[in-house]
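# Observations on chain architecture
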Amino acid sequence: PCIFLCENNRYGMGTSTARASGSGDDFYQRGSFIPGIKIDGMDVLAVREGMKFAKQVALEHGPIYVEVDTYRYHGHSMSDPGVSYRSRTEISDIRGSRDPIDRVKGSIIEQGWATVEEMKALEKEVKKEVDHAVQFAKSSPEPEPKETFTHVFTEPINIRGTNSFNGYTAS
């Protein structure tokens, strides 16, 4: 079973997918022999349910192609400011209407699972935890190359392209 996933953030560096693809931007329809679906990648519940469906299809019928429609608010790199090929209005409109964190927060409050005040307190707590983790990471030494595959597999296995010279050996 295999799920082929395309995270479509609508831009490849500075070119929109509509201009770059040459045949439209519905990438989930590209497979002639593999079925495909498109998921709103900015909707946490849609991603959960869509991937459940994709898993079931893959297990019962074979491969499936999944296009996850998302959006990136920033450029790809320091040399890509992200605003030379799209407007600030476009970015703020998407952030205001489709931001996944705001959507989940809104649903939690709407369902009565937490109040606005409780959500603000939680956000402060999470920010503090993230700031602490960032500080810990910045002040910690670089890990040894052999640690690259630690906690990735349940059993030691040979990994193509690795050997004892680059610090990894299967135990």
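This write-up is about the structure you can find in this document. (Residues numbered from 1 in each chain as written. Predicted model: local features only at pLDDT ≥ 70, side-chain atom pairs only at ≥ 80, totals over all residues. Heavy atoms only, no water.)

## Remarks on the overall build of the protein
Heads up, the condition is: A helix here means a DSSP run of H or I that spans at least four residues, while a strand means a run of E at least two residues long, and both kinds are numbered starting from the N terminus. Type-normalised accessible area, obtained with a 1.4 Å probe on protein chains alone, sets the label of each residue: buried when under 20%, exposed when over 50%, and partly exposed for intermediate values. For this analysis, residues touch if any pair of their heavy atoms sits within 4.5 Å. What sets the accessible areas is the Shrake-Rupley method with a 1.4 Å probe; for residues, cover comes only from the shown protein chains.
A tally of helices and strands in the protein yields 5 helices and 5 strands. When the helices and strands of the protein are placed in sequence order, the string is β-β-β-α-β-α-β-α-α-α. Relative to its 171 residues, the protein shows a buried fraction of 21%. In the protein, the share of contacts with a sequence separation of at least 24, taken over all contacts with a separation of at least 6, comes to 55%. Split by element, the accessible area of the protein, about 12800 Å² in all, is 56% carbon and sulfur.

## Things to note about the pairing of strand β4 (residues 36-40)
Filter applied, for reference: What makes two strands pair is DSSP finding at least two bridges between them. With the strands aimed away from the viewer, a crossover counts as right-handed if its path from the first strand over the helix to the second runs clockwise.
Burial along β4 is one-sided: the face carrying I37 and I39 is buried and the face carrying G36, K38 and D40 is not. Pairing between β4 and strand β5 (residues 64-69): 5 bridges, direction parallel. By the bridge assignment for β5, G36 is matched with Y65. The β-α-β motif built from β4, the intervening helix α2 (residues 44-61) and the parallel element β5 has right-handed crossover chirality.

## Things to note about the packing of aromatic side chains
As a reminder of what qualifies: Each Phe, Tyr or Trp ring (for Trp, its six-membered ring) is paired with any other whose centre lies within 6.5 Å, and the angle between the two planes then decides the class: stacked below 30 degrees, edge-to-face above 60, tilted in between. Comment: the charge-over-ring label is applied if NZ (Lys) or CZ (Arg) is within 6 Å of the ring centre and within 35 degrees of the ring normal.
This structure, assessed with the given rule, holds 1 aromatic pair. The ring of Y73 carries R95 above its face, with NZ or CZ at 3.9 Å from the centroid.

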